[in-house]
Amino acid sequence: MAQQRPPRMTGPGHDTFWEGCGKGEIRMQHCPDCGHRPWPVVTSCEQCGSEKLKFERVSGKGKLVSWCTFEQSYYGDLLPVPWDTIIVELDEGPWFISNPKGFTNAEAKLGMALKVSFLDCEDQHGAFALPVFEPA
Amino acid sequence: MAIWEGIITGMAQAGFVDMPPSVQEASRKVSIVGIGESDFHLDYRAERERADGWEPRTVEDMCKKAFERALADSGLKRSDIDGLAMSYTYGGPEPSEMATHFGIQPKLGWINGHIFAGPLPNAAGRIMAGDAEVIALVFGIANRSAGRQFGGMTFASGAAGPSSYYYHHPWGWSSQAAHWALMAQRYFAKYGKGEEDLGHVPMTVRKHAATDPNAVMQKPFTIDEYMASRYIVRPLHLFDICLVTDGAVCVIISEADRARDMAKVPVDVAGWGHSLITQDKMKVMIEDRLRPQLQDAGGQALRMAGLSIDDIGHFEGYDASSIHLVNQVEGFGFTEPGTGLDFCIDGQMTLGGRIPTNMNGGNMSYSYMQGWGQVPEIVRQLRHEAGPRQIEGLQASMSALTQTDIVHPVVYTRGD
């Protein structure tokens, strides 16, 4: 059964990202002019201003760079507390907020190798696949 | 007059006020001559207790209280105030209405952004441009009475503001506190520190607040009490996070030469700086802890003032969280990266140490005035009127409004 989650950002660019997730891929913007990979989705390159950004698949591999656990509830009944969140440095560079799969924050280690996995979720916009990270 | 034109251009934006250029020609041209605050402590207690007949404080009334106190502090007459700059974070009356409320007839009045520090140099620019001689800058906020929260769906998808506030809802990651929690966890893992080390920062700041009768939270706590306090976003405890408070601050500024003839020792606005994260915000925040921006903006403010970091004897930093105060103490160069917690434990951030920091209790204990609360403490310290928490022989102080992506330091010097 799909997990209920707070809403995604939708619209041009954002939809492309979520479509990729639906196909089991993380697709991120890449700037052909300067090589930068912005995240979250932007309308023009935050490094050089180029508007030629293109979505490309990234490997889905990375390492754990930090983590935190919500003890205060910010989403009411939607999400239980304590609630683990992590931030992953993707091999391609961007720092990506996510959730741990197959480990808890109590077991987290700086630099842990991680790989993406997709979780069936649902929000007010409908069903979607959420990228989460498990030990590689 | 290109300098002043540049300074005034910064005001053109509605809402957030950019810093004007940091140029030496604008250093020490304007002085702070009066300060006033509303009743942070009393108003907070009354709001918590909500006795029969209690009503929330209005922005107007808190601003009036701060203004009257600043006017009395300056020794000026109402008729001396010929400029009024109002700053509100969540809105407030027009300057003309507030002028009537204050009983003044300024020839210049405008809405001067909201959070510190941009409004101060922008108002200074108006004095340098000859638009007014004495300006009352008044900031008011009814954060608490408005039930303001800083996380969850209060920042909905697509709302204005930094994307880090709302973009990560599907992963259940939100809130201002969560930014600081990721920073603290990485700091601990990278430098081999822990919560019991970090706890010394809010404990030190609280110890300072205990000497300020207007601070919201004055009761000192021990490390054991810190460790026993509840978590907000682990690894951060309640005591690591700033307050949510109502209040107002008034700062009266004057042309520097004229300030020499006024009641109190003038405090000169000597330098300011501006730096912004423009890309990879999460990485710059969590990995670099804004060091590039702190170095950049701090360097601008110090060069403008003709000083080095070694000349600064007092710092009022933006302690939205304890770890963020450490970011600033390290990032500006008071101590090396990764040494901030030992520096604090060693007493270097309190009286008798290298850089007494947040001497009135800051955002975590005094009041959350979005940076404006830094000014009254700097003025008291530089006038040598800070009583039991006075830093001996102080000549130069620095404040910094440092959010998740913006750094706005100001350098001040004693003007006698």
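Residues numbered from 1 in each chain as written. Chains lettered and ligands numbered in written order. Predicted model: local features only at pLDDT ≥ 70, side-chain atom pairs only at ≥ 80, totals over all residues.

A. View of the overall build of chain B. Across its full length, chain B carries 16 helices and 12 strands. Relative to the globule expectation of 22 Å for 416 residues, the C-alpha radius of gyration of chain B, 20 Å, shows essentially globular dimensions. Overall size of chain B, expressed as C-alpha extent along the three principal axes, is 55 × 55 × 45 Å. For chain B, the proportion of its 416 residues judged to be buried stands at 60%. Sequence-distant contacts, at least 24 apart, represent 77% of the contacts inside chain B between residues at least 6 apart. (Helix = DSSP H or I, 4+ residues; strand = E, 2+ residues; numbered from the N terminus. Rg over C-alpha atoms; globule rule 2.2 N^0.38 Å. Buried ≥ 20, exposed ≤ 12 C-beta atoms within 10 Å, placed from the backbone. Contact = placed C-beta atoms within 7 Å.)

B. Just unusual backbone geometry, in detail. Residue tryptophan 39 of chain A is joined to proline 40 of chain A through a cis peptide bond whose omega torsion reads -5°. Note that the residue after phenylalanine 116 of chain B, namely alanine 117 of chain B, is joined by a cis bond; omega there is 0°. Of note, alanine 117 of chain B is situated in the loop between β3 (108-111) and α5 (119-128). A positive phi angle, close to 95°, is found at serine 175 of chain B, a residue other than glycine. On the secondary structure map, serine 175 of chain B appears in the loop between β4 (134-142) and α6 (176-191). The class of serine 175 of chain B is buried, set by 22 C-beta atoms lying within 10 Å.

C. Seen up close, the pairing of strand β1 (residues 30-37) of chain B. Residues and elements named next belong to chain B. For β1, the buried fraction is high: eight of the eight residues fall into the buried class. Across seven bridges, β1 lies against strand β7 (residues 246-255) in antiparallel orientation. Paired with glutamate 37 across the bridge in β7 is valine 249. Note that β1 and strand β8 (residues 267-272) share two bridges and pair antiparallel. (Pairing = 2+ DSSP bridges.)

D. How the structure looks around the interface of chain B and chain A. Counting residues at the interface gives 32 residues for chain B, matched by 31 residues for chain A. Considering each element in turn, the side of chain B that touches chain A owes the most residues, seven residues, to α6 of chain B. Of the residues assigned to the side of chain B that touches chain A, the class counts are 14 nonpolar, 13 polar and five charged. Bridging between strand β4 (residues 61-70) of chain A and strand β5 (residues 231-234) of chain B involves two bridges; their strand directions are antiparallel. For threonine 69 of chain A, the partnering residue across the bridge sits in β5 of chain B and is arginine 234 of chain B. (Nonpolar A, V, L, I, M, F, W, Y, C, P; charged D, E, K, R; others polar.)

E. Representation of the pairing of β8 of chain B. Residue and element names in this part refer to chain B. In terms of residue burial, β8 counts as a mostly covered element, since six of its six residues are buried. With five bridges joining them, β8 and strand β12 (residues 406-414) adopt antiparallel strand pairing. The residue of β12 that forms the bridge with tryptophan 272 is valine 410.

F. View of helix α2 (residues 40-49) of chain B. Residue and element names in this part refer to chain B. Within α2, burial applies to Phe40, His41, Asp43 and Tyr44. Buried residues along α2 sit against β1, β7 and α15 (362-366). Just downstream of α2, arginine 50 is the residue with a positive phi angle, here 45°.

G. Structural view of the environment of methionine 19 of chain B. Residues and elements named next belong to chain B. Locating methionine 19 in the fold gives a position in the loop between α1 (2-9) and β1. Overall, the presence of 26 C-beta atoms within 10 Å leaves methionine 19 in the buried class. Between the C-alpha atoms of methionine 19 and proline 121, which are 102 residues apart in sequence, the distance is 7.1 Å.

H. Quick peek at the packing of helix α3 (residues 59-74) of chain B against helix α4 (residues 95-102) of chain B. All names here are of chain B. The interhelical angle for the contact between α3 and α4, taken along N-to-C directions, is 55°, at an axis separation of 10 Å. Considering the angle they form, α3 stands oblique to α4. Crossing hand, α3 versus α4: right-handed. In this structure, α3 uses Glu60, Cys63, Lys64 and Phe67 to contact α4, whose residues at the interface are Met98, His101 and Phe102. Of the residues assigned to the contact of α3 with α4, the class counts are four nonpolar, one polar and two charged. (Axes fitted to C-alpha atoms, helices over the stretch in contact; angles between N-to-C directions. Parallel < 35°, antiparallel > 145°, perpendicular 65-115°, else oblique. Left-handed = near helix turned anticlockwise from the far one by under 90°.)

I. Structural context of the nonpolar core. Counting residues in each nonpolar core, the largest one holds 143 residues, and the members touching the most others are Ile87 of chain A together with Ala136, Leu137, Val138, Cys250, Val251 and Ile253 of chain B. Per-domain counts for this core show at least three residues from each of domain 1 (1-148 + 244-264) and domain 2 (170-241 + 267-416) of chain B. Residues contacting alanine 136 of chain B, with those up to four places away along its chain left out, are Phe67, Ala70, Ile81, Leu84, Cys250 and Ile252 of chain B. (Core = buried A, V, L, I, M, F, W, Y, C linked by C-beta atoms within 7 Å. Domains from an automatic or database assignment.)

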